[in-house]
Amino acid sequence: MAVRTCFLRFPAPAAFATALAAYAIFVILAEPKADQLAGAIVYFLSVGFVLSLSLKLWSEEHQWTRKDWVVHAISYAILLADAIYLYHINFGQGGHGYETFLMHASAILALMLTVFFLSFNREHNDIPSWTFAFSVISSIVICVFIGMVLWGGLSLLLSSMKWLFGVSLGWKWYAVTGALVAGYLPALLFLGRIPNGDEKHDREPLRSGFLAGVFRYLFLPLEALYIIVLFIYAVQILARWELPNGQVSWLVIASMVGLVAIEFGLYPTRHAENRPFDHAVARWLPLILTPLLLLMTVGIVRRFSDYGITIARLYLGTLNAWFYAVCLGIFISRARRIHWIPISFAALFLLTSALPINYTSLTRNVLFKQVEHALKQAKVTDLPLNASRYDALMKALPQEEQNRISSKLSYLESTFNSETIEPLATQKPELILFRQYISEAGDSIVLDNMNNLYGAANFNHLHIPEGYTELYEDVVCHEYLVDLSQDTFEVPVKQANNESVTDTVFVSLKALKALSQRMNDLVPLPTKSSTNLFYLQQFNLYGGAVYDNGKRVSGVSEPKLNITGYMLTKGLQINE
């Protein structure tokens with residue numbers, strides 16, 4: 001019944017869901033190689049499902065007119081043009097991949113919220129939209145759970161074919177089953193469960209003792225603990241006359257998330273039971289939290305002052321300003337309406353991410369100009385710098401200036417890509433590891449997503465010199481910690497399936513930089529044994545670290561090296 005209802009009430013969303021399921025099955029069975037095209041089609045169909053659902057829910061609020069046809073046609077045309085645009089652009093080229101991602105993430109978030117709130121803009125309070133949103137979210141959870149249970153049951157049945165009848169079914173059987181029962185079926189069930197008519201605009205507050213109890217007696221005490229801890233910390237730093245730790249921002253963010261959850265959780269209970277305590281919590285809790293937002297503000301200002309602009313810091317600063325607006329808005333309005341909170345968040349995210357001038361482009365342009373100005377101050381007139389000239393410049397500059405220039409170039413390259421910095425420091429013909437010029441003892445925080453160096457040989461044969469009788473494949477070393485202050489280091493290698501085949505090879509960082517992306521054949525590397533011959537087939541140098549006042553922040557990896565190659569021996573393996 002629910003599936004039949006969804007096709008009658010939601011023909012466009014059901015068509016998008018059907019097309020998406022059909023295309024998913026096609027991709028599984030045919031395994032097409034055009035990844036960009038597949039991504040664009042999946043994007044169009046999945047976002048089209050949400051867009052068509054939002055438009056249908058909005059159109060139900062009034063008599064269908066010519067305006068609806070125009071709005072629907074323009075909306076689908078914009079989505080189609082966007083999908084074509086995503087198909088034709090190359091993410092990562094020109095440094096716009098990160099910007100494009102944030103732009104689309106903000107737009108999709110805003111679109112998803114219209115499903116919950118667009119149909120209720122004429123209501124006098126948020127009870128109908130709250131009840132509708134609760135029903136929709138509950139339906140999503142239930143339908144997904146049903147789909148996953150069905151998929152698990154059918155997968156078990158498929159796997160039993162082998163030990164019952166000796167019939168081995170490939171992964172495509174499981175994938176197609178998943179697309180149908182864990183993807184397509186839940187989508188149709190969900191559409192069939194969306195409230196309609198008077199149920200859609202249910203103005204009776206939801207009465208749930210369980211829900212009210214969870215927020216009153218579990219979430220509210222947890223929020224109180226956060227507030228108490230933050231106030232004690234604020235008193236401590238004031239007594240010591242210290243600046244707050246940057247990590248305190250995460251506690252403040254968690255407190256604000258808790259506040260918003262409590263406001264939403266108690267909203268129907270306040271209207272249904274009209275308890276003074278609930279009304280007091282809803283109004284005064286934001287005011288109690290407002291002074292604690294200063295801890296986050298001071299921490300953000302300090303980061304900007306000490307370390308400069310980044311995309312994350314701009315978003316964090318905007319989030320902090322939005323927190324002030326939320327707290328004051330709830331207090332002044334006595335929390336009569338609450339859905340403006342997620343709507344304002346989505347609108348702010350959209351404004352800072354989707355406009356031509358956004359936080360990503362602003363950060364890129366500001367850092368680029370800062371580095372360009374610093375190079376001019378260092379009397380550099382002939383740009384771009386190559387590896388040797390950059391090395392000479394860094395050695396001539398004070399350590400603080402080295403940190404400043406190299407950390408910004410490293411951030412630009414890791415966040416966008418090498419073409420972003422090409423006018424300043426060319427990566428051709430030899431890559432520059434900016435990490436080499438960043439002092440670990442400096443006062444600045446350095447987020448070093450180091451240039452990933454990668455190379456793989458494409459070869460047809462291997463010449464075996466006279467006297468060598470044994471050839472071993474897959475001679476490897478995984479996650480060797482690299483000291484970037486040295487150019488040459490000793491890397492222990494061993495045969496993957498034979499622990500007795502070992503040696504030590506000498507690897508040059510300069511040679512790896514030269515080979516990165518341009519490795520056409522096997523590369524011989526000297527060995528410690530001097531009798532074995534090692535041929536490098538593939539390597540990957542990756543990793544990064546965050547330093548704060550010379551101390552490494554935990555949770556971030558050291559630079560590491562993986563190598564794979566062939567080893568020729570004269571029948572006698574070197575065991576070290």
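The coordinates are above.
Just so it is clear, the model here is predicted, and its values are computed rather than measured.

A. Structural context of the overall build of the chain. Along the backbone of the chain there are 17 helices and ten strands. Counting over 576 residues, the chain shows a buried share of 45%. Looking at the chain as shown, the accessible area adds up to about 30100 Å², and 64% of this sits on carbon and sulfur atoms.

B. Just the pattern of salt bridges, in detail. On inspection of all chains with the given rule, the structure shows 14 salt bridges. Among the ionic pairs, Asp 126 bridges to Arg 337, the shortest N-O distance being 2.9 Å. A residue pair is termed long-range when its members are at least 10 positions apart, and Asp 126 in the loop between helix H5 (97-117) and helix H6 (127-165) and Arg 337 in the loop between helix H12 (311-333) and helix H13 (340-353) qualify at 211 residues. Through salt bridges that share partners, Arg 9, Glu 60, Glu 61 and Lys 200 make up one connected network.

C. Structural detail: the environment of Ile 332. Secondary-structure assignment places Ile 332 in helix H12. A relative accessible area of 66% places Ile 332 in the exposed class. With 49 residues separating them along the chain, Ile 332 and Arg 283 place their C-alpha atoms 8.1 Å apart.

D. How the structure looks around the pairing of strand S5 (residues 498-508). Taken together, the eight bridges between strand S4 (residues 488-495) and S5 define a ladder with antiparallel strand orientation. Its bridge partner lying in S5, Glu 490 is registered against Phe 506. The antiparallel hairpin formed by S4 and S5 contains two residues in its connecting segment.

E. Examining H13 more closely. With 14 residues, H13 extends 19 Å between its outermost C-alpha atoms, agreeing within 8% with the 20 Å of an ideal straight helix rising 1.5 Å per residue. Listing the buried residues of H13 in full gives Ile 341, Pro 342, Ala 346, Phe 349, Thr 352 and Ser 353. End-on, the buried residues of H13 take up no more than an arc of 135°, which puts them together on one face. Among the structural elements, H5, helix H9 (248-273), H12 and helix H14 (359-377) are those in contact with the buried residues of H13.

F. Summary view of unusual backbone geometry. In this chain, Leu 383 is followed by Pro 384 through a cis amide linkage whose omega measures 5°. Looking at where Pro 384 falls in the secondary structure, it is placed in the loop between H14 and helix H15 (387-396). You will see that Trp 241, though not glycine, has its phi angle at about 55°, which is positive. Residue Lys 379 is not a glycine yet carries a positive backbone phi of 70°. By the element assignment, Lys 379 lies in the loop between H14 and H15. By relative accessible area, which is 72% here, Lys 379 ends up exposed.

G. The nonpolar core, seen in detail. Formed by 37 residues in total, the largest nonpolar core has its most connected members in Met 256, Ile 262, Leu 285, Leu 295, Met 296, Phe 323 and Ile 341. If you list the elements that add at least two residues to this core, you get H6, helix H8 (209-240), H9, helix H10 (276-289), helix H11 (293-307) and H12. The residues touching Ile 262, leaving out its near neighbours within four places in the chain, are Phe 215, Phe 219, Leu 220, Glu 223, Val 281 and Leu 285. One finds Phe 117, Phe 132, Val 136 and Ala 346 within the second-largest nonpolar core, a separate group that totals 30 residues.

H. Broad picture of the side chain of Arg 216. By the secondary structure assignment, Arg 216 is in helix H8. Side-chain polar atoms of Arg 216 contact the side chain of Glu 273, separated by 2.8 Å. When neighbours within four sequence positions are excluded, Arg 216 is seen to be in contact with Pro 221, Leu 266, Thr 269, Glu 273, Arg 275 and Asp 278.

I. Region of the structure containing a nonpolar patch on the surface. A contiguous nonpolar surface patch, about 550 Å² in accessible area, is contributed by Phe 231, Trp 284, Leu 287, Ile 288, Leu 328 and Ile 332. Those elements giving two or more residues to the nonpolar patch turn out to be H10 and H12. Element by element, the count of residues in the nonpolar patch is highest for H10, at three residues.

J. The arrangement of the packing of aromatic side chains in detail. Using the criterion set out here, one finds 14 aromatic pairs in the structure. Seen in terms of ring centroids, Phe 16 and Phe 44 are 5.8 Å apart; in terms of plane orientation they differ by 65°. Their pairing is edge-to-face. Of this pair, Phe 16 sits in helix H2 (residues 11-30) while Phe 44 is found in helix H3 (residues 35-59), placing the two residues 28 residues apart along the sequence. Their ring planes at 35° and their centres at 5.9 Å tell us that Tyr 23 and Phe 26 sit as a pair that is tilted. Of this pair, Tyr 23 and Phe 26 both sit in helix H2, three residues apart, roughly one helical turn. Classification of Tyr 23 by relative accessible area gives buried; the value is 14%.

Definitions and limits used
- Residues numbered from 1 in each chain as written.
- Predicted model: local features only at pLDDT ≥ 70, side-chain atom pairs only at ≥ 80, totals over all residues.
- Heavy atoms only, no water.
- Helix = DSSP H or I, 4+ residues; strand = E, 2+ residues; numbered from the N terminus.
- Buried < 20%, exposed > 50% of the residue type's maximum accessible area, 1.4 Å probe, protein only.
- Areas by Shrake-Rupley, 256 points an atom, 1.4 Å probe, with all protein chains shown as cover.
- Salt bridge = Lys/Arg side-chain N within 4 Å of Asp/Glu carboxyl O.
- Pairing = 2+ DSSP bridges.
- Expected span 1.5 Å × (residues − 1).
- Arc of directions from axis to C-beta.
- Contact = heavy atoms within 4.5 Å.
- Core = buried A, V, L, I, M, F, W, Y, C linked by side-chain atoms within 4.5 Å.
- Polar contact = N/O pair within 3.5 Å; in protein donor to acceptor, adjacent residues only side chain to side chain.
- Patch = residues over 30% accessible without salt bridge, like charges linked within 9 Å, V, L, I, M, F, W, Y side chains within 5 Å.
- Phe/Tyr/Trp six-rings, centres within 6.5 Å; stacked < 30°, edge-to-face > 60°.

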